[in-house]
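# Results of the structural survey
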Amino acid sequence: MSRTMICVACVEENKGCECEHDKPVKELVLEASENSSFLHSVINMVGMLIGLGQLSMPYAVESGGWMSIFLLIFFGILTTYTSHILGNCIRRNPKSKSYSDIGYSAFGRHGRLITSLFIYLEIFMALVSYTISLHDNISAAFPATFSNHGHFPAAKLTAVAVAIALPSLWIRDLSSISFLSSGGILMSAIIFGSVVYTAVFGGVIDDGRIPVLRLGNIPTVSGIYLFSFGGHIVFPNLYTSMKDPSKFTKVSIVSFATVTALYAALAMTGAKMFGPSVNSQITLSLPKHLLVTKIALWATVLTPMTKYALEFAPLAIQLERSLPSTMTDRTKLVARGLMGSSLLLVILALALTVPYFGYVLSLSGSLVSVTIAVTLPAAFYLKICWDGMSKFTRVANLGFVVLGCVLGVLGSFESSKLLVKELIRVHGG
């Protein structure tokens, strides 16, 4: 799940906000031009989807059993469909330019408020997940001297890395660093190549057996899978940026098929290679002596550091809008930077307190991603396009709303329970 939501008009230096001020945030995909071609749109969508979730694909298969691969494929198909119906919602109401616009078109101000809440919640959860990943991989990237038991604890090293990234939150002209948003595809290629290389040349042999199915773990596994397909917040912006929006559905099919195939290959290769001993992040299971492992670790370390400013931008935009118009630009910039720095320090403290990547990823997927990628798109579609639907389509989408709610409740409950148990075990003595 790698995505960037930026209001370009608001963040360009010395330019006033051109957005409608009753909207909480206007999201634009930095990589997309106003006339994106089919291929460019596919690359953008793949870049939005691929992110932290891929690190946990082998772990998800180990947790859910080999049959859970079919669940991964099912969610890939389902989220392709929900991407398609978001396009239908925009065709019905061309004034909708963003995910929050569709929420407003369907349910008015309450719809916009709900979608905005989930947008910001997803940003927060993503930043926490990035920081946990940064901590885990920076510990593995350095020798024992820099480990949790060495002279320079990994927590301090993580804090240093976050401190290096802090100045980026004070940048107002984000167009100068927009190229960083394409890092998800590069990271994915490096990680996938590292896993394949290790499988072929690494000499890793694991005799552990993964069961066919672990039914009790399906709610948490579903959260991990859905987290990995949750790029829907920026899909409306991609739709409106296309040269030929009528091809949006084909773009969705090609992009989701590509990502699903990559996830399935990574999941099966990693799970087969490491078995029950696979880590919640595949990079931490790769043999430490291999050069490709070091490259993969550093790619995973650097990615969060480049994402902070881009992920924080929508919150910063909303903050600037809420400040009094009498404040000078310099004062607003200071307020924006202080808020961003404070938020990142809170996220750092939370990530170091709850450094359980797999559980946090599952909770994020169950609490936020399933709502954004399944429940809300189906609900929007039912409300906006009800009159033109067949009975089968109505029943199917009502079923998707129910499915999303059930998965959200069960997954959030199970993930939270596991997270609390782990916290009590580690901190409770």
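Residues numbered from 1 in each chain as written. Predicted model: local features only at pLDDT ≥ 70, side-chain atom pairs only at ≥ 80, totals over all residues. Heavy atoms only, no water.

Looking up the protein in an unreviewed UniProt entry gives the name Amino acid transporter transmembrane domain, with the organism given as Arabidopsis thaliana x Arabidopsis arenosa. Per UniProt, the protein carries the Subcellular location (unreviewed entry) text "Membrane". (UniProt positions renumbered as here; feature names shortened; annotations may be inferred.)

Right, let's get into the nonpolar core. Counting residues in hydrophobic clusters, the biggest one holds 112 residues, and the most contacted among them are M45, F75, L134, Y225, Y308 and F380. Among the elements that take part in this core, helix α13 (residues 357–385) stands out by supplying 17 residues, more than any other. When near neighbours in sequence (up to four residues on either side) are disregarded, Y225 contacts M57, A60, V61, S68, I69, L71, L72 and F75. (Core = buried A, V, L, I, M, F, W, Y, C linked by side-chain atoms within 4.5 Å. Buried < 20%, exposed > 50% of the residue type's maximum accessible area, 1.4 Å probe, protein only. Helix = DSSP H or I, 4+ residues; strand = E, 2+ residues; numbered from the N terminus. Contact = heavy atoms within 4.5 Å.)

Another aspect to go through is the side chain of N397. Looking at where N397 falls in the secondary structure, it is placed in helix α14 (residues 391–427). Residue contacts for N397: discarding those within four places in its chain leaves Y81, I85, A378, Y381 and L382.

Taken together, the side chains of M67, F70, I73, I77, V212, L213 and L215 present a nonpolar region at the surface, about 710 Å² in accessible area. Examined against the element boundaries, I77 turns out to sit in helix α4 (residues 68–92). For I77, a relative accessible area of 57% translates into the label exposed. (Patch = residues over 30% accessible without salt bridge, like charges linked within 9 Å, V, L, I, M, F, W, Y side chains within 5 Å. Areas by Shrake-Rupley, 256 points an atom, 1.4 Å probe, with all protein chains shown as cover. Salt bridge = Lys/Arg side-chain N within 4 Å of Asp/Glu carboxyl O.)

Our focus in this paragraph is the state of the cysteines. In this structure the tally under the stated criterion is 0 disulfides. Just so you know, C385 is unpaired, no disulfide at all, and the nearest cysteine sulfur is the one on C89, 4.8 Å from it. Among the residues examined, C385 registers a relative accessible area of 6% and is labelled buried. (Disulfide = S-S within 2.5 Å.)

Quick look at helix α5 (residues 99–141) now. The end-to-end C-alpha separation of α5 is 38 Å, well short of the 63 Å expected for 43 residues at 1.5 Å each. Of all the bends in α5, the largest measures some 145 degrees and sits at F107. (Expected span 1.5 Å × (residues − 1). Bend = angle between axes of the 7 residues up to and from the residue.)

This paragraph deals with the packing of aromatic side chains. Applying the stated criterion to the full structure yields 9 aromatic pairs. Judged by centre distance (6.2 Å) and plane angle (50 degrees), the ring pair of F107 and F380 falls under tilted. Of the two residues, F107 sits in helix α5 while F380 sits in helix α13, which places them 273 residues apart along the sequence. F107 sits in the partly exposed class, given a relative accessible area of 37%. We classify F380 as buried; its relative accessible area is 1%. Ring plane angle 85 degrees and centroid distance 6.0 Å describe the contact between F235 and F256, whose orientation is recorded as edge-to-face. On the criterion of sequence distance, the pair formed by F235 in helix α9 (residues 235–241) and F256 in helix α10 (residues 248–274) is long-range, its members being 21 residues apart. (Phe/Tyr/Trp six-rings, centres within 6.5 Å; stacked < 30°, edge-to-face > 60°.)

Turning next to the environment of A155. Locating A155 in the fold gives a position in helix α6 (residues 154–165). On the accessibility criterion, A155 (31% relative accessible area) is partly exposed. When the C-alpha atoms of A155 and S139 are compared, they prove to be 8.4 Å apart, with 16 residues separating the residues in sequence.

What follows covers empty space enclosed by the protein. In this approach, a probe sized like a water molecule rolls over the atoms, and the result shows the empty space that is left. For the structure shown, the criterion picks out 1 cavity of 30 Å³ or more. Quantified by volume, the largest cavity comes out at close to 40 Å³. L127, L169, Y308, F312, G340, L343, L344 and I347 together form the lining of the largest cavity. Of all the secondary-structure elements, those providing two or more residues to the lining of the largest cavity are α11 (291–322) and α12 (329–353). Tallied by class, the residues present in the lining of the largest cavity amount to 7 nonpolar, 1 polar and no charged. (1 Å grid on protein atoms, 1.4 Å probe; cavity = no way out; pocket = protein on both sides within 12 Å on 5 of 7 lines; lining within 4 Å. Points joined across faces, edges and corners; volume = space filled by probe spheres on them. Nonpolar A, V, L, I, M, F, W, Y, C, P; charged D, E, K, R; others polar.)

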